[in-house]
Amino acid sequence: MFTYQVYGVTLQINQPLSALIPLANEESIDLPTGDLSIALLREQAVNSALMQQLPWTTIYDNDIESHRSIIQSAEHRDGCYIKLRYSGDNGLGLIEWLEYVIDPTGRQVWVTWAAPDCEMEAFLLGPVLACVMTIRGHICLHASVIETGDGCIAILGAKGAGKSTTAAAFSQLGHRVLADDLAVLVEQGNDFLVPLGYPRLRLNPDAAMAVVGTIAQLTRVFEEDVTAPGKLYLNLPQRMSAAESPRQLQAIYLLHERNERLQVPFITPLDAATAVMTLVQHTSASMVLTKAARAREFVRLSQLVKQIPLRSVHRPDTLQALSQLCELIARDARSSTGTATVPTSTLAALLPPLLAELPPALAQPDARAAIHQTARHLAPIVSGGFECRLDDDWQVDLQQCITANVSQLALLHAHWTANEANRASSDPMWVRLLTFLEACRRPSSALQSTLSEIWLEYDADTLPTGISDGLPSESPNEPSHESPNESPLPLLFFGLKQAASSGCGHAITTEQALGLLLGDAFQPPWRANVQRTFAACANAVFVSHIGVMLSRAAPAVRVNIKRLDAETVGNYLTQVGWHGDPDEIAALMDTLAPHVDKFTLCLDVGCTIAPRVGLECILLEQPPTEVRWRTLLNRLAEWNLLLPEKQVALLQWPGQTEQANGSAMVRRLSHVKVDYWPNRPLRAKGYLWFHQKWSC
């Protein structure tokens, strides 16, 4: 017999296992998990009348790309037996299979297989042992475990999130990896201990190249991956003795989906309810438990989050940031505060490459200084734009685009709460803003499932004052009341997912969002007018964005409506209650239509619909390929809406600047907006878009 120790269990097995280090006679671990007897029978049937008579019932069946995984249970007077069966085409026309039967106590496993031995071991040391330990009453998580001083941390994540890759990066920095893919938690009083797993990691080839620089010496996890290797084994450099004591779990970190718009990784805490549900989603082999056992496991997970902090890790979409990510997690694990670890950098540190490409004809020195001053207060998310007046007004406003996913919303929330602690607790406007953001972050909320993005727009260094028809004028004469040391209050636009943006569902969610942002000011007449902008949408027309003018004394919201044209805009304006001449808007759209691909109609909606109408003129391709940019600007110049030097400067903006860190700053023309006021001259603005794109 061969003896091994893994996850605190002493294995007695009739054949050697290549993945484990044999246990010396004097080695043992004092843990209440007991021994496990494993019989490797190859293709022999389990020679037992009981096995032939058990009434197997399928509790899990997953068939993907000719590979099938089945879990069955069989009730017997001894208890519940569990069978795991894996089968599939090996790519050479042969069907391979592996079958594992576990007794009701989790102390005996019978293995039969017709497949390479390495595959038998991979399943045995992964999902089979997870089932064994779950049956024995231990919490098992899909996680990698890293040693940190006298304790350890667990790294959770969805399949493909990079748990093993992160563990490998920790190993390269000198940290010991205690387990990969499976973390067994052993309760000891109020502590949760993690015994050692097996001494190797499973990595995708690109991750292995990024971490260790070569795959030449690595072996395949599954032999059929001949032409295009799948996961590879990386043997860990730090040899672990099975006699070592388990480590006390200090913290759990959840890897969120990588986000290409993030510059730096950061960490935020999870509230207790979210933490419990996160652990439920990342338990391993809980399907083998009875309903009563699952209920008990839920109670224990609830106790776990009271003892152990669970935190969210938000990361850039690049393997180049791995060492930075590991150092951040290690530093957070050493911290005793349990608070968020927020990046100290701001957008200002990342804007110079973009400001260098911004033509002087569009942004003069005062405007650039105002942009930089504003960016000093903003989270390091490099996606957004510049709003430029095209006449002799030289103000340039900065915009920042936040994708409505958990990572970016968490970064924005953490940045604001860390830097605006006083105002976040006392200023009603900031309180409402953070309450809205918190609602957007909750995975189960209607806002999280409805919103596509959040745009923050910052009026450079002034606030408009004149109020006409209940709305701010376009003449910014009054100085800002913001302190230069405080974050400016933004204009906030939230985007609605197009798939369901028209109709009752989005109208209700919009009302909820505006209630959070506007509070008691959002009175019934105002609500009714907003609802009317949704109800008037017909055919393919839909509401795309809602803007709340938090930094302006404006009792109205901006509503953007897409897919209207010269033929349909008049009827829409009449239905929503606009009191101007719809024919004038239709004529303006008809004149501009040859020069654009589509329009977005912008209305200011309060207790009345304001006279001003904005028309965003959008072209899908960029210059010089799309020649209509030039013809559109020529038409605006003919109407004296555009200075000649600004016309030239707009066409110079599109391009891409490569960065030393492997990213690129992508620059595009977004659109031109023409503002219409009855009995007033037209005005025009240009919108320059930018985005940081990572190549790996």
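Above this note sits the structure.
Residues numbered from 1 in each chain as written. Predicted model: local features only at pLDDT ≥ 70, side-chain atom pairs only at ≥ 80, totals over all residues. Heavy atoms only, no water.

1. Brief notes about the overall build of the protein chain
- On a plain count of helices and strands, the protein chain comes out with 19 helices and 35 strands.
- Counting the 696 residues in the protein chain, one finds 57% classified as buried.
- Of the contacts made within the protein chain by residues no fewer than 6 positions apart, 68% connect residues no fewer than 24 positions apart.
- Summed over its atoms, the accessible surface of the protein chain is roughly 29,100 Å², and 51% of this surface lies on carbon and sulfur atoms. (Helix = DSSP H or I, 4+ residues; strand = E, 2+ residues; numbered from the N terminus. Buried < 20%, exposed > 50% of the residue type's maximum accessible area, 1.4 Å probe, protein only. Contact = heavy atoms within 4.5 Å. Areas by Shrake-Rupley, 256 points an atom, 1.4 Å probe, with all protein chains shown as cover.)

2. Concerning the pairing of strand β17 (residues 232–235)
- Bridge analysis of strand β15 (residues 200–203) against β17 gives four bridges, and the strand direction is antiparallel. What sits directly across from R202, in β17, is Y233.
- The sheet contact formed by strand β16 (residues 219–220) and β17 spans two bridges and is antiparallel. In the sheet register, R220 faces β17, and the bridge partner there is L232. (Pairing = 2+ DSSP bridges.)

3. Section: the nonpolar core
- In terms of nonpolar packing, the biggest core is built from 104 residues, with F386, F436, I454, F494, V557 and L601 touching the most fellow members.
- The biggest single contributor to this core is helix α12 (residues 428–441), with seven residues.
- Look past the residues within four positions of I454 in its chain and what remains in contact with it is Q400, C401, I402, L409, F436, L437, C440, L492, F493 and F494.
- Listed in part, the 65 residues of the second largest apolar core include W113, V132, L141 and Y198. (Core = buried A, V, L, I, M, F, W, Y, C linked by side-chain atoms within 4.5 Å.)

4. What about the sheet that holds strand β1 (residues 2–6)?
- One open sheet holds the eight strands; their spatial order is β1-β2-β3-β8-β7-β6-β5-β4, and the pairing between them is mixed. One side of each edge strand has no neighbouring strand; the edge strands of this open sheet are β1 and β4 (57–64). Each adjacent strand pair in this sheet contributes to an overall mean axis angle of 15 degrees, direction not counted.
- Inspection of the sheet shows strand β6 (residues 79–89) paired to strand β7 (residues 95–102) by eight bridges, in the antiparallel sense. Bridge pairing in β7 places S87 opposite W97.
- Packed onto the sheet, helix α2 (residues 117–135) meets β1, β2 (9–13), β3 (35–40), β6, β7 and β8 (108–114) and runs at close to 30 degrees relative to β7. (Axes fitted to C-alpha atoms, helices over the stretch in contact; angles between N-to-C directions.)

5. Some remarks on the layout of surface pockets
- Approximately 1,000 Å³ is the volume found for the second largest pocket.
- If you trace the second largest pocket, you find 47 residues lining it, with H545, K562, E616, S670 and H671 closest to the centre.
- Sort the elements by how many residues they give to the lining of the second largest pocket and strand β34 (residues 663–676) lands first, with six residues.
- Class assignment for the residues of the lining of the second largest pocket results in 18 nonpolar, twelve polar and 17 charged. (1 Å grid on protein atoms, 1.4 Å probe; cavity = no way out; pocket = protein on both sides within 12 Å on 5 of 7 lines; lining within 4 Å. Points joined across faces, edges and corners; volume = space filled by probe spheres on them. Nonpolar A, V, L, I, M, F, W, Y, C, P; charged D, E, K, R; others polar.)

6. A few points about the sheet that holds β15
- The antiparallel open sheet is built from three strands, whose spatial order is β15-β17-β16. Two strands lie at the open edges of the sheet, namely β15 and β16, each paired on one side alone.

7. A short note on the environment of I70
- Position of I70 relative to the elements: it lies in strand β5 (residues 67–76).
- On the accessibility criterion, I70 (15% relative accessible area) is buried.
- For the pair I70 and S87, spaced 17 residues apart in sequence, the C-alpha to C-alpha distance is 8.8 Å.
- Residues in contact with I70, not counting those within four places in the same chain, are T58, Y60, D61, K83, L84 and R85.

8. Comments concerning the pattern of salt bridges
- Taken as a whole and assessed by the stated rule, the structure comprises 20 salt bridges.
- The partner of D391 in a salt bridge is R683, and the shortest N-O contact between them spans 3.2 Å. Taken as a pair, D391 in the loop between β21 (383–389) and β22 (396–403) and R683 in strand β35 (residues 683–694) lie far apart in primary sequence, 292 residues in all.
- By relative accessible area, D391 is classed as buried at 17%.
- The partly exposed category is assigned to R683, whose relative accessible area is 27%.
- The salt bridge partner of R635 is E638, with a shortest N-O separation of 3.1 Å. Remark: E638 and R635 occur in helix α18 (residues 628–638); sequence separation between them is three residues, near one turn of the helix.
- Given the relative accessible area of 24%, R635 is considered partly exposed.
- Within the structure, one salt-bridge network assembled from shared partners comprises E387, R389, D397 and K685. (Salt bridge = Lys/Arg side-chain N within 4 Å of Asp/Glu carboxyl O.)

9. Details of the packing of helix α10 (residues 406–419) against α12
- Their axes nearest at 9 Å, the elements α10 and α12 cross at an angle of 155 degrees. Between α10 and α12, the interaxial angle falls into the category roughly antiparallel. Crossing hand, α10 versus α12: left-handed. Contacts between α10 and α12 involve V406, L409, A410, L412, H413, W416 and T417 from the former and W430, L433, L434, L437, E438, C440 and R441 from the latter.
- Here the residues of the contact of α10 with α12 are counted per class, giving ten nonpolar, two polar and two charged. (Parallel < 35°, antiparallel > 145°, perpendicular 65-115°, else oblique. Left-handed = near helix turned anticlockwise from the far one by under 90°.)

10. Section: the state of the cysteines
- Inspection of the entire model under this criterion finds zero disulfides.
- Of all cysteine sulfurs in the structure, the one in C602 sits closest to C617, which takes part in no disulfide; the separation is 9.8 Å. (Disulfide = S-S within 2.5 Å.)

11. Some words on empty space enclosed by the protein
- Throughout the structure, instances matching the rule amount to three cavities of 30 Å³ or more.
- Together, G162, T165, T166, R258, R315, P316, T318, L319, A321, L322 and L325 line the largest cavity.
- Taken together, the elements giving at least two residues each to the lining of the largest cavity come down to α3 (163–172) and α7 (322–334).
- Along the lines of polarity and charge, the residues of the lining of the largest cavity split into five nonpolar, four polar and two charged.

12. Considering the environment of K693
- Position of K693 relative to the elements: it lies in strand β35.
- Each C-alpha atom of the pair K693 and Q659 lies 9.8 Å from the other, and the pair is 34 residues apart in sequence.
- With near-sequence residues (within four places) excluded, K693 lies in contact with S663, A664 and V666.

These results come straight from atomic positions and should not be treated as a statement about function.
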